[in-house]
Amino acid sequence: MNLFHLITALTITGAASFSLARLPMAPAASSSLARIVDPEPREGTLATLRSIDDLSATLGFPSGEYGMAVAGNEVCNRNSHLTYDRFTKNALVVGIQGGSEGVIQDIGDVRTRSTASSVLPFLKLRDGVVFDTSSEKSSVPEAGIALEGPARGGAAAEAKLGHVYLVRIDELGKSLFAAVRIVELEPGESVTLRWRML
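Numbers given for residues are sequential positions, taken from 1 along each chain in its written order. Owing to the predicted nature of the model, reporting of local features is limited to residues with pLDDT of at least 70; listing and counting of side-chain atom pairs is limited to 80 or more, with chain, interface and lining totals taken over all residues. Calculated side-chain values reflect all of the structure's heavy atoms, with hydrogen atoms and water omitted.

## So, the overall build of the protein chain
Moving on, step 1. Runs of E in the DSSP output that reach at least two residues are strands. Runs of H or I that reach at least four are helices, and both are numbered from the N terminus. A count of helical and extended segments in the protein chain gives 2 helices and 14 strands.
Moving on, step 2. Accessibility here uses a 1.4 Å probe with only protein chains present; expressed as a share of the type maximum, an area under 20% marks a residue as buried, one over 50% as exposed, and anything in between as partly exposed. The burial tally for the protein chain puts 38% of its 198 residues in the buried class.

Structural data, given as structure tokens:
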């Protein structure tokens, strides 16, 4: 093989490699198809409220941060929607900050029928009504549970281990909806909640 043929062969091979590298790729999957997860984690988030600690006694929605903070030389409210054992003994209380009112409804220890797991990940809100969307339906009625009724400041429900609570907070012309489940309870001291926005 002479030098001319070698250069020609390398040129053709290089061109072929280059053109192969530039072949059109399959279109990328759209982001709506690639994302299968909900915007909010369906399993919810854990938070522990301690009744004797000013900084961890309240929870703010939807951030999930504790509702109190130190500002200057005092403890101030930053965004408190729910507390435990502060205004009513051994109770979850909502509508506790100025300008907000709430509704809290205990729907019991609600579990899916076949797996006996909490229904919390499968609760969905539609037009102010909460539905169970699991394939293994629970005792949540097919018609759902309406979070209607007058909201008030300091609305309370007794804290019970394993129970699920539906919460509506009304403030500044909007409503926030959440579901919480008590996963640990030390009466009069602390409660650990798995919660999620609806």
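## With respect to the side chain of Thr83
Moving on, step 1. The residue Thr83 is located in strand 5 (residues 82–84) in this model.
Moving on, step 2. Polar contacts, as counted here, are pairs of nitrogen or oxygen atoms within 3.5 Å of one another; within protein the pair requires one atom able to donate a hydrogen and one able to accept it, and residues that are adjacent in sequence qualify only if both atoms are side-chain atoms. One polar contact links the side chain of Thr83 to the main-chain carbonyl oxygen of Ala57, over a distance of 2.7 Å.
Moving on, step 3. Apart from residues lying up to four places away in sequence, Thr83 is in contact with Leu49, Ala57, Thr58, Ala91, Leu92, Val93 and Ile96. Any two residues whose heavy atoms approach within 4.5 Å at even a single point are treated as in contact.

## A closer look at the nonpolar core
Moving on, step 1. With 23 residues, the main nonpolar core has Phe61, Leu82, Leu92 and Ile104 as its most contacted residues.
Moving on, step 2. Going through the elements one at a time, strand 1 (45–50), strand 5, strand 6 (91–94), strand 11 (155–158), strand 12 (164–171), strand 13 (174–186) and strand 14 (190–197) are the ones with two or more residues in this core.
Moving on, step 3. Ignoring sequence-local partners within four residues, the contact set of Leu82 consists of Leu49, Ala57, Thr58, Leu59, Phe61, Leu92, Val93, Val94, Ile96, Val167 and Leu193.
Moving on, step 4. Throughout, nonpolar core names a set of buried Ala, Val, Leu, Ile, Met, Phe, Trp, Tyr and Cys residues whose side chains join them through atoms within 4.5 Å. If you look at the next biggest cluster of nonpolar residues, it comprises 15 residues, including Val119, Ala151, Phe177 and Ala179.

## A closer look at the confidence of the model for the protein chain
Moving on, step 1. Looking at the protein chain as a whole, its pLDDT mean stands at 80, while 78% of the residues score no less than 70.
Moving on, step 2. Known as pLDDT, the predictor's per-residue confidence is scaled from 0 to 100. Of all helices and strands in the protein chain, the one with the weakest mean pLDDT is helix 2 (residues 31–34) (42), whereas strand 11 scores best (95).
Moving on, step 3. Note on residues 15–39: pLDDT is under 50 here. Beyond four places in sequence and across chains, it has 1 contact.

## Some details on the environment of Asp132
Moving on, step 1. Within the fold, Asp132 resides in strand 9 (residues 129–132).
Moving on, step 2. For the pair Asp132 and Ala143, spaced 11 residues apart in sequence, the C-alpha to C-alpha distance is 9.5 Å.
Moving on, step 3. With residues near it in sequence (within four places) discarded, Asp132 still touches Val119, Phe122, Leu123, Lys137, Ser138 and Val140.
Moving on, step 4. Polar contacts involving the side chain of Asp132 include one to the side chain of Ser134, which spans 2.8 Å.
Moving on, step 5. Only 2.8 Å separates the side chain of Asp132 from the backbone nitrogen of Ser138, close enough to count as a polar contact.

## Considering the environment of Ala157
Moving on, step 1. Within the secondary structure, Ala157 sits in strand 11.
Moving on, step 2. Spatially, the C-alpha atom of Ala157 lies 6.6 Å from that of Val93, the residues being 64 residues apart in sequence.

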